[in-house]
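Topology and contacts: notes
Read off the chains here:
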Amino acid sequence: MAIPYNHREIEEKWRKEWEAHPVNIDDGKKPKYYCLDMFPYPSGKGLHVGHWRGYVISDVWSRYKMLNGGHYIIHPMGWDAFGLPAENFAIKMGVHPAKSTAENIANIKSQINQIAALYDWDMEVNTTDPEFYRWTQWIFVKMFQEGLAYEKEMPINWCPSCKTGLANEEVVNGKCERCNSDVTKKNLKQWMLKITKYADRLLADLDKLDWPEKVKKMQADWIGKSYGAEVDFPVEGKEEKITVYTTRPDTLYGATFMVLAPEHAMAAALSVPETKDAVERYIYEASLKSNVDRLQDKEKTGVFTGSYAINPLNGARVPIWLSDYVLADYGTGAIMCVPAHDDRDFEFAKKFQIPIVQVIAKDGKEIENMTEAYTEASGVMINSGEWNGMESAVLKKEAPVMIEKRGLGRKTVNYKLRDWVFSRQRYWGEPIPIIHCPKCGCVPVPEEELPLLLPEVESYQPTGTGESPLAAIEEWVNTTCPVCGEPARRETNTMPQWAGSSWYFLRYVDNKNDKELVSREKADKYLPVDMYIGGVEHAVLHLLYSRFYTKFLHDIGVIDFDEPFVKLFNQGMITGKNGVKMAKSKGNVVSPDDLVRDYGCDSLRIYELFVGPPELDSEWDDRGIDGVYRFLTRLWKLVLDHKDTQTKASKEMLKVRNRMIHDITQRLENFSLNTVISGFMEYNNKMIEMARTEGIDRETLKTVVVLLAPFAPHISEELWRALGEETSVFHATWPEADKEAMADTEKEVAVQINGKTRAVIRIPADSTREEAIAAGKEALGNRLSGNVVKEVYVPGRIINIVMK
RNA sequence: GCAGGAGUGGCGGAAUGGCAGACGCAUCAGACUCAAAAUCUGACGUAGGUGACUAUGUGUGGGUUCAAGUCCCAUCUCCUGCACCA
């Protein structure tokens, strides 16, 4: 009788052994494989079972790559430690964020170590470490020098609760991504990053990424490329022209009015004495509205300016209106309105009784009593002068060129992507390394003076005025200009949390380099990331920013690749009962600590995968872990009871062994990790059954132990040694399935009449169609009455006799 | 509104167009035990039958096919993303 499975003892034993003799070693000859987790924010709350799942998935994949292919695995971990929670904690408790962050890191690190992943802590990085953010600042300086970082005063998204400006990507449905407060607009002088310069490459290069289609599509939609034309409309009685952007230049003849955003530079100037008050009031009221108000307005509002523009194509006089359904920062902030062929224009025209002119025939004719806009670009042009009779779909493409030729406008491409608002009016972030000199303008802090350290402050409280708490430290703010030496002032805003996470993955492989961000030699050897694993919530934030940073660093020669993450996997969330997100406030947080103590790390690792498909959300239910524990116990007993067996593998056993190799490997390659586990259970049951009847051989036992090693490293290592091996199971080679040994000599075939199974027979695997059908008919016996219309034989699976 | 994904036992979930419900949880019965736990064996969609079995069954309604959870059309529900981008 074998000794019982004592998970605590063996897990502790092997953990010590692996620490003393690491199994993942770079000998300079092995191929590298870089498997990365999205690094965590070191929150005070610690890890729950949902965090675990992502880390287990990446570790299983890493260990699999180590065994299958003999890779040296780069599997680092670090801390995304700037950000609001630590700062808010500082405000409340008066503890410096660096201190609380350090404590949280220590705590989470010990929790992460319970996973027994391959993390190489020598590579650890921390975004708040001056030796790290020195390079975050260095990248900013380079961007400034390349003209990609610029200062601009404009109305930006402002979170009144966080008291800071936000990037577009951080505003979700008009609310702050972090605290869910309604976002307002505030006019502020901001540092901006010209991510739009990369819009085209960010879009086009999505094609070369092995990423979930969903994420690629989200990024493509976010970049939002559209093709169209700008058309210049002269304004009656004025010198200036108003330029509109349209994707439907084919409908130019149908433009019966024009609408400008209330923030348009010419908006106020277009009023006439009779409309002056109303126009000014509308502009003022629009400025007070939050994004949410704007989005929630069900009915369109607007005001007529009193001025008219001239349709450059047909000379028609079109009234100019102001309305907040036109966005100031997309296109030109002004649109031509074709109510017959655009839903929004139609609604507006109906409300304000503006004429509607149809220019595309629907089903060959003009619509009487139009009740909704006809928005398809298909049909023949009507009421369109020289364009009459053309196909609108064709004209849509040709019109921009025609307009450009006639000097009325130009062909253009537009993007929804906006430049990245990069200033934050908060304390706990990287200081932006810029000095404002009255004479020389904006001057970057010289490279040799980086890092520009974040100074101590007395109050972390955000000021709410649009300045960060740093502005209050006179002795820090006042400095001298590095160019002319005259008195100058430091930039007091800090960077957003995304700054460090946009490039941290490069630093891991050379984290102690004090000369460069990363040496070219190490970058060439270890980068880019082969597999990136994390939640889908960063689809357009972190993942877009990282691609932008990588392309920039590529362009200035730091690295020679321009996409950071070759392959991406998004794991689903683990939720509490009924799909409710795990949160302290909901009281449904499941901590891994107790489960590890009671069932062991190996059991929890396996159960994390067994709860459901890794890419989908799964509800956590503690009870299921018993099944996993039983499985490991049964396997434990099987191996130890037969470790000294002299049995030779039967043909049947060879079949089982090779099929197990094949199934487990294939499911693993498909990332179907939940069915890998059910596969292990299935084969385990089969092996136990066979061990009882005919005995089991050592080679089969060794095979299952190697296959299980990436999932349950401790028990696998223990059983591996029990089977007489001297070196670690992680130095073994992943077995390969022998296709011939897998083959059946006999097949079980269902015999059906009209698609309903009436018998099951066993026939030789090499039976011909005729032999099989004959055997099937025999099995059916006297059920087989009536006219046989058709006989279907699917080799090795089905015989179907169709009768009338 | 637009786009994408999903709907299968009491539950989590399996099924290259080929015997639906693998694997696990829970439940029930049996063995072992003085007893319980653990372990082992078995049953476990629904309806009917003592029974081998029969019928029925993958959100709903149609269709294609010898054969549909899987493909096509329509429809309902839920989830995710985007949302006045002209």
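Counting restarts for each chain, with residues numbered from 1 along the sequence as it is written. Whichever chain is written first becomes A and whichever ligand is written first becomes 1, with later ones labelled in order. Selection of residues for local features in this predicted model requires a pLDDT of at least 70, selection of side-chain atom pairs for listing and counting requires 80 or more, and totals for whole chains, interfaces and linings are taken over all residues. The basis for every side-chain value is the complete set of heavy atoms in the structure, and neither hydrogens nor water enter the calculation.

Topic: the overall build of chain A
- For chain A, the count of helices and strands is 25 helices and 29 strands.
- Burial classification: accessible surface area is computed with a 1.4 Å probe over protein chains only, and a residue below 20% of its type maximum counts as buried, one above 50% as exposed, and the rest as partly exposed. With 804 residues in all, chain A has 54% of them scored as buried.
- Contact between two residues is taken to exist if any of their heavy atoms lie within 4.5 Å; hydrogens are not considered. When contacts within chain A are restricted to residue pairs at least 6 apart in sequence, long-range pairs at least 24 apart make up 73% of them.
- As displayed, chain A has an accessible area near 36,200 Å², and 49% of this comes from carbon and sulfur atoms.
- Residues scored as positive are Lys and Arg, those scored as negative are Asp and Glu, and His as well as the terminal groups of each chain are ignored. Throughout, a charge is located at the NZ atom of Lys, the CZ atom of Arg, the CG atom of Asp or the CD atom of Glu. Taken together, the 101 basic and 118 acidic charged side chains of chain A have centroids lying 3 Å from each other. A helix here means a DSSP run of H or I that spans at least four residues, while a strand means a run of E at least two residues long, and both kinds are numbered starting from the N terminus. Only the protein chains shown count as cover for residues, with accessible areas throughout obtained via the Shrake-Rupley method and a probe of 1.4 Å.

Some points on the protein's contact with RNA strand B
- Surveying the vicinity of RNA strand B reveals 49 residues, the closest of which are Thr 247, Lys 300, Arg 344, Lys 416 and Arg 630.
- Close to the protein, within 4 Å, the atoms of RNA strand B are drawn from sugar and phosphate at a rate of 62%.
- N or O atoms closer than or at 3.5 Å make up a polar contact, with two conditions inside protein: a donor-capable atom paired with an acceptor-capable one, and, for residues adjacent in sequence, both atoms drawn from side chains. Between RNA strand B and Thr 757, the relevant distance is 3.4 Å, taken from a sugar or linking oxygen to a side-chain nitrogen or oxygen of the residue.
- Between RNA strand B and Asn 800 there is a distance of 2.7 Å, counted from a base oxygen to a side-chain nitrogen or oxygen.
- Sort the elements by how many residues they give to the surface near RNA strand B and helix α21 (residues 673-693) lands first, with seven residues.
- Ten residue types, Ala, Val, Leu, Ile, Met, Phe, Trp, Tyr, Cys and Pro, are classed as nonpolar, four, Asp, Glu, Lys and Arg, as charged, and the remainder, Gly among them, as polar. Along the lines of polarity and charge, the residues of the surface near RNA strand B split into 18 nonpolar, 12 polar and 19 charged. Nearness is judged by heavy atoms alone; a residue qualifies as near a molecule or strand once a single heavy atom is within 4 Å of it.

Comments concerning the packing of aromatic side chains
- Here is the rule: rings of Phe, Tyr and Trp (six-membered ring for Trp) pair when centre to centre is within 6.5 Å. Planes less than 30 degrees apart are stacked, more than 60 are edge-to-face, and the remainder are tilted. For the coordinates displayed, the defined rule picks out 44 aromatic pairs.
- Aromatic side chains Tyr 253 and Trp 387 sit 5.6 Å apart centroid to centroid with 80 degrees between the ring planes, which places their arrangement in the edge-to-face category. Taken together, the residues Tyr 253 in the loop between β11 (241-246) and β12 (257-260) and Trp 387 in the loop between α10 (343-352) and α11 (392-405) connect sequence positions 134 residues apart.
- Among the residues examined, Tyr 253 registers a relative accessible area of 10% and is labelled buried.
- With centroids separated by 5.6 Å and ring planes inclined at 75 degrees, the aromatic side chains of Phe 680 and Phe 711 adopt a geometry described as edge-to-face.

Things to note about the sheet that holds strand β28 (residues 788-794)
- Taken in spatial order, the four strands line up as β27-β26-β29-β28 in an open sheet, and their pairing is mixed. Two strands bound the open sheet, and with one partner strand each, they are β27 (756-764) and β28. Direction aside, neighbouring strands of the sheet carry axes that sit 20 degrees apart on average.
- In terms of strand pairing, strand β26 (residues 746-753) meets strand β29 (residues 798-803) through four bridges, oriented parallel. Within the sheet, the bridge partner assigned to Ile 753 lies in β29 and is Ile 801. Here the rule is simple: two strands pair whenever DSSP picks up at least two bridges between them. Interaxial angle, 0 to 180 degrees, is taken between N-to-C directions of lines fitted to C-alpha atoms, where a helix line uses only the stretch in contact.

Observations concerning the pairing of strand β21 (residues 487-490)
- Where strand β18 (residues 434-437) meets β21, two bridges bridge the pair, whose relative direction is antiparallel. In the strand pairing of β21, His 436 is matched with Arg 489.
- In this structure, strand β20 (residues 478-480) lies alongside β21, joined through three bridges in antiparallel fashion. Note on β21: the bridge partner recorded for Thr 480 is Pro 487.
- What sits between the antiparallel neighbours β20 and β21 is a turn of six residues, in which Gly 485 has the positive phi angle 80 degrees.

So, the environment of Gly 78
- Mapped onto the elements of the fold, Gly 78 is located in strand β3 (residues 78-79).
- If we skip the residues at most four places from it in the chain, Gly 78 touches Phe 39, Pro 40, Val 125 and Tyr 508.

Looking at the state of the cysteines
- Here, the term disulfide refers to a pair of cysteine sulfur atoms separated by no more than 2.5 Å. All chains considered together, the criterion is met by zero disulfides.
- With no disulfide of its own, Cys 440 lies 3.6 Å from the sulfur of Cys 484, the closest cysteine sulfur.
- You can see Cys 484 has no disulfide; the closest cysteine sulfur is in Cys 437, sitting 3.6 Å from it.
- Note on Cys 484: relative accessible area 30%, which makes it partly exposed.

Examining the pattern of salt bridges
- Any Lys or Arg side-chain nitrogen located within 4 Å of an Asp or Glu carboxyl oxygen qualifies as a salt bridge. In this structure the tally under the stated criterion is 53 salt bridges.
- Lys 637 is paired through a salt bridge with Asp 641; the nearest N and O atoms lie 3.5 Å apart. Residue Lys 637 and its partner Asp 641 are both found in helix α19 (residues 625-642); the two are separated by four residues, about one turn of the helix.
- You can call Lys 637 partly exposed: its relative accessible area is 36%.
- Because the salt bridges share partners, they merge into one network encompassing Asp 205, Lys 208, Arg 547, Lys 551, Asp 562 and Glu 563.

A few points about unusual backbone geometry
- Here the bond from Leu 450 into Pro 451 is cis, since omega is 0 degrees, no more than 30 degrees from zero.
- Here the amide bond leading from Leu 527 into Pro 528 is cis, since omega sits at 0 degrees, within 30 degrees of zero.
- Within the secondary structure, Pro 528 is located in the loop between α15 (520-526) and β22 (529-534).
- Backbone geometry places Lys 163, a non-glycine residue, at a positive phi of 55 degrees.
- On the secondary structure map, Lys 163 appears in the loop between β5 (149-159) and β6 (164-166).
- Although it is not a glycine, Gln 353 sits at a positive phi angle of roughly 50 degrees.
- Examined against the element boundaries, Gln 353 turns out to sit in the loop between α10 and α11.

Some thoughts on the packing of helix α3 (residues 84-93) against helix α4 (residues 97-113)
- With their axes 9 Å apart at the nearest point, α3 and α4 run at an angle of 120 degrees to one another. In terms of their interaxial angle, α3 and α4 are classed as oblique. Read as a crossing pair, α3 and α4 show a hand that is right-handed. Contacts from Ala 86, Glu 87, Phe 89 and Ala 90 in α3 reach Pro 97, Ser 100 and Thr 101 in α4.
- Taken together, the residues that form the contact of α3 with α4 break down as four nonpolar, two polar and one charged. Roughly parallel refers to an angle under 35 degrees, roughly antiparallel to one over 145, roughly perpendicular to one between 65 and 115, and oblique to any angle outside these ranges. Two helices that cross are described as forming a left-handed crossing if the nearer one is turned anticlockwise from the farther one by less than a right angle, and a right-handed crossing if clockwise.

Let's talk about the pairing of β28
- In this sheet, β29 lies alongside β28 in antiparallel orientation, the contact comprising six bridges. Bridging from a neighbouring strand, Lys 790 pairs with Val 802 of β29.
- The hairpin turn running from β28 into β29, its antiparallel successor, is three residues long, and Gly 796 in that turn takes a positive phi close to 75 degrees.

Brief notes about the sheet that holds strand β2 (residues 72-74)
- One open sheet accounts for four strands, arranged β2-β1-β22-β23; its pairing is parallel. Pairing within the sheet leaves two strands with one partner each, and these edge strands are β2 and β23 (565-570). Looking at each pair of strands side by side, their axes are set apart by 25 degrees on average, direction ignored.
- As judged from the five bridges shared by β22 and β23, these two strands associate in the parallel manner. Bridge pairing in β23 links Val 529 to Phe 565.

What about the packing of helix α20 (residues 651-669) against helix α22 (residues 698-708)?
- Running from N to C, α20 and α22 point in directions that differ by 10 degrees, and their axes come no closer than 10 Å. Looking at the two axes, α20 sits roughly parallel to α22. In this structure, α20 contributes Met 653, Arg 657, Met 660, Ile 661 and Ile 664 to the contact, and α22 contributes Glu 699, Thr 700, Thr 703, Val 704 and Leu 707.
- Each residue belonging to the contact of α20 with α22 can be placed in one class, and the counts come to six nonpolar, two polar and two charged.

Points about the side chain of Thr 700
- In this structure, Thr 700 sits in helix α22.
- Side chain to side chain, Thr 700 and Asp 697 meet in a polar contact 2.6 Å long.
- In this structure, Thr 700 is in contact with Met 653, Arg 657, Met 660 and Met 687, ignoring residues within four places of it in sequence.

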